[in-house]
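The chain contents come next:
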Amino acid sequence: MVIMTRKEERELAFTLIFEKIFNDELTVKEIMDNAVEARLIDENTFAFSLAQLTYDNREEIDRIIDENSVGWKIERLPKVTLAIMRMALCEILFVPSIPKGVSINEAVELAKKFATQADASFINGILGKYVREHSES
């Protein structure tokens, strides 16, 4: 078993979430098991848990994305951007042990790696706005 950094685990979770968008008939567990069996990835509890939590709460997460993406319908967002925002919002909403700023920063870094600078800026804006509006004062 390979020891991964949290950043690598997050990247793996993003990959599972992204793959799920295109394979809705498969469970997150099946997607992960298939990738492990093909030796594309090593099994990882944090990545699987984050991907599963994101998928389980996608209706609430998508509602938040839709409400905060002024001028953009969720169906028109690039799938990479959508997967990254879903994961980051899942962390922000349901994983209190991860600071919100870390979730936002990691999402922006993923967007820079897998999308464009414009996507990274869009993600930063949406997540930052949401956190500011919903911070406990």
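Before reading on, note that the structure itself is shown above.
Conventions used here
- Residues numbered from 1 in each chain as written.
- Predicted model: local features only at pLDDT ≥ 70, side-chain atom pairs only at ≥ 80, totals over all residues.
- Heavy atoms only, no water.
- Core = buried A, V, L, I, M, F, W, Y, C linked by side-chain atoms within 4.5 Å.
- Buried < 20%, exposed > 50% of the residue type's maximum accessible area, 1.4 Å probe, protein only.
- Helix = DSSP H or I, 4+ residues; strand = E, 2+ residues; numbered from the N terminus.
- Salt bridge = Lys/Arg side-chain N within 4 Å of Asp/Glu carboxyl O.

What about the nonpolar core?
In a soluble, globular protein the nonpolar side chains are often hidden away together inside.
Then step 1. The biggest cluster of nonpolar side chains holds 42 residues, and the ones touching the most others in it are Phe14, Ile65, Ile84, Met87, Leu89, Ile123 and Leu127.
Then step 2. Going through the elements one at a time, helix H1 (6–22), helix H2 (28–37), helix H3 (45–56), helix H4 (58–68), helix H5 (79–94), helix H6 (100–114) and helix H7 (117–133) are the ones with two or more residues in this core.

Some details on the pattern of salt bridges
Then step 1. Enumeration over the complete set of coordinates arrives at 11 salt bridges.
Then step 2. Ionic pairing is found between Glu9 and Arg6, a salt bridge with its closest N-O pair at 2.9 Å. Linking Glu9 with Arg6, this pair stays in helix H1, spanning three residues, or about one helical turn.
Then step 3. For Glu9, a relative accessible area of 11% gives the class buried.
Then step 4. We classify Arg6 as partly exposed; its relative accessible area is 42%.
Then step 5. Between Arg86 and Asp62 there is a salt bridge; the shortest N-O distance is 2.7 Å. Of this pair, Arg86 sits in helix H5 while Asp62 sits in helix H4, placing them 24 residues apart in sequence.

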